[in-house]
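# Secondary and tertiary structure notes
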Amino acid sequence: MAALDKYLRYVLTPFSWLYGFGVYVRNKLFDWGILKEVSFDIPVVGVGNITVGGTGKTPHVEYILECLRYKRNIAVLSRGYKRKTRGFIVASAKSTPDSIGDEPLQIYEKFGGTVKVAVCESRVKGVRELIRQFPKLDLIVLDDSFQHRYIKPKVNIMLMDYSRPVYSDDILPLGRMRESSHAKYRADMVITTKCPADVSALDMRLVSKHLELLPYQKLYFSTFVYGGLIPVFPDDCTERVLLNDISEEDSVILLTGVANPRPFVNHFRSFPFKKKVLHFPDHHDFKKSDLHEILSKFNALSGKRKFIITTEKDAVRISHNPYFPVEIRPYIFYIPIGVRMLETNFGYDFVPDLLQAIER
């Protein structure tokens, strides 16, 4: 296996160099002003990463919205990944995952009463449209925007997975990096995400040492906080189910269609019930064949009671899927994910620091 890994590394390294050189040239074109960055009169906060796979962008965008929505008139702009439409669209009660994408719809369903949510493949056009249609806006949050350099945010936030730090990774296809770790210097704030809740001050210091951030950059650490079970189809659910009440006599399918299901699956490790993991690709559009597989595996479960637990993002797609089997709708639940900022010895406090940076 070690010999195979060494061979694959040898084969992939030239492609990684070529990819990295292409990204380097593109960034230099922005640095030299050949490719233009646009600034706007109202503050723009960009949230993103430099790696493929989940770093928790949507939960962190939601955390920012939760903290600031009563302090600012906010809009969120996303490209709407895997939507089946084009152009600028403002989310509404009629929106679906096909029309705006699953993550923007998730944000709209949580914050649509206090925050504008829009999608557009051109971020510059999208921001201009938001400002034109909603002149009272005084803050725009860009979802997944770190590589999108045509807009120069007032505050640039880079997320980094605690278990996949940028300083020990390689550029695609050798590793998971979209560009060199040098890109971290474009960030005003760096959040190390998905940390263990009990991460030590020493481990935080080691991350800080390896990152080698500049004096003006601030480093934060966050962890996921999981809520209770919520029915995906509340009209079909006849009883309230508590996670702690599912016993060793019961069986659960952990259903995921996210980039990195490991934190979600690991959350249930200490629970006594029997578990079966069923994983699909990120942003997966569940076809009839997938739903047949889910139904078959559910029917094959043993146990006194049987349930399906999925992620919040998957629940958005599943709840809008008219073909999801009626007979198992009462037994599928999702578990919401929130963000908690961890205390550090660096003297930083994320929300006041963000507000100060916005108002600077």
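This write-up is about the structure you can find in this document. (Residues numbered from 1 in each chain as written. Predicted model: local features only at pLDDT ≥ 70, side-chain atom pairs only at ≥ 80, totals over all residues. Heavy atoms only, no water.)

## Notes on the overall build of the protein chain
Scanning the protein chain from N- to C-terminus turns up ten helices and 14 strands. What you see for the protein chain is a C-alpha radius of gyration of 21 Å, in line with the 21 Å of a compact globule of 360 residues. Its C-alpha atoms give the protein chain principal-axis dimensions of roughly 65 × 60 × 40 Å. Looking at the 360 residues of the protein chain, the share that counts as buried comes to 51%. Across the protein chain, every contact between residues at least 6 apart in sequence was considered, and the portion connecting residues at least 24 apart equals 80%. Computed over 51 positive and 41 negative side-chain charges, the inter-centroid distance for the protein chain is 4 Å. (Helix = DSSP H or I, 4+ residues; strand = E, 2+ residues; numbered from the N terminus. Rg over C-alpha atoms; globule rule 2.2 N^0.38 Å. Buried < 20%, exposed > 50% of the residue type's maximum accessible area, 1.4 Å probe, protein only. Contact = heavy atoms within 4.5 Å. Lys, Arg positive; Asp, Glu negative; His and termini not counted. Charge placed at Lys NZ, Arg CZ, Asp CG, Glu CD.)

## Details of the side chain of N321
Take N321: it is sitting in the loop between α9 (312-319) and β13 (332-335). For N321, a relative accessible area of 9% translates into the label buried. In contact with N321, other than residues within four places in its own chain, are F286, L291 and R329.

## Here's the deal with helix α5 (residues 123-133)
Along α5, the residues classified as buried are R123, V124, G126, V127, E129 and L130. Looking at the packing, one finds that the buried side of α5 touches β2 (74-78), β4 (116-119) and β5 (139-143).

## Brief notes about the pairing of β4
Put simply, side chains in a regular strand alternate between the two faces of the sheet. Where β2 meets β4, four bridges bridge the pair, whose relative direction is parallel. Following the sheet pairing, V76 is matched in β4 by V117. The pairing of strand β3 (residues 89-90) with β4 spans two bridges and is antiparallel. From the neighbouring strand, I89 faces β4, where its bridge partner is V119. (Pairing = 2+ DSSP bridges.)

## What to know about the pattern of salt bridges
Inspection of every chain in the model, using the stated rule, returns 22 salt bridges. Notably, a salt bridge pairs R86 with E121, separated by 3.4 Å at the nearest N-O pair. Placement of R86 in the loop between β2 and β3 and of E121 in the loop between β4 and α5 is noted, with a sequence separation of 35 residues between them. Among the residues examined, R86 registers a relative accessible area of 68% and is labelled exposed. Across the pair K110 and E312 runs a salt bridge, and its minimum N-O distance is 2.9 Å. Here K110, found in helix α4 (residues 102-111), pairs with E312, found in helix α9; they are 202 residues apart in sequence, far enough to count as distant. Judged by relative accessible area, K110 falls into the partly exposed class, the value being 36%. The network of salt bridges with shared partners includes K84, D98, D285 and K287. (Salt bridge = Lys/Arg side-chain N within 4 Å of Asp/Glu carboxyl O.)

## Let's talk about the nonpolar core
Core analysis: the largest hydrophobic core is formed by 52 residues, its most contacted members being I157, F350 and L354. Of the residues forming this core, the biggest block, six residues, is contributed by helix α10 (residues 350-359). Look past the residues within four positions of L354 in its chain and what remains in contact with it is V45, I64, L68, V155, I157 and M189. (Core = buried A, V, L, I, M, F, W, Y, C linked by side-chain atoms within 4.5 Å.)

## Things to note about the packing of α4 against α9
Two elements in contact, α4 and α9, have axes whose closest approach is 9 Å; the angle formed by their N-to-C orientations is 95 degrees. With respect to each other, α4 and α9 are oriented roughly perpendicular. Only E312, K313, V316 and R317 of α9 make contact with α4, whose side of the interface consists of D102, E103, L105, Q106, E109 and K110. The residue inventory of the contact of α4 with α9, partitioned by class, reads two nonpolar, one polar and seven charged. (Axes fitted to C-alpha atoms, helices over the stretch in contact; angles between N-to-C directions. Parallel < 35°, antiparallel > 145°, perpendicular 65-115°, else oblique. Nonpolar A, V, L, I, M, F, W, Y, C, P; charged D, E, K, R; others polar.)

## Details of the sheet that holds strand β12 (residues 306-311)
Here five strands make up an open sheet; going across it, the order is β9-β13-β12-β10-β11 and the pairing mixed. Pairing within the sheet leaves two strands with one partner each, and these edge strands are β9 (230-231) and β11 (274-279). Running over the sheet, helix α8 (residues 288-300) touches β10 (251-256), β11 and β12 and is turned about 140 degrees from β12. Strand contacts of α9: β10, β12 and β13, with the helix running at about 105 degrees to β12, the strand carrying the most contacts.

## Observations concerning the pairing of β13
Alternating positions in β13 separate into two faces, I332 and Y334 on one and F333 and I335 on the other, with burial throughout. Sheet topology places β9 next to β13; two bridges connect them, and they run antiparallel. The residue bridging P231 from the neighbouring strand is F333, located in β13. Handedness of the β-α-β unit built from β12, α9 and β13 comes out right-handed. (Right-handed = clockwise from strand over helix to strand, strands pointing away.)

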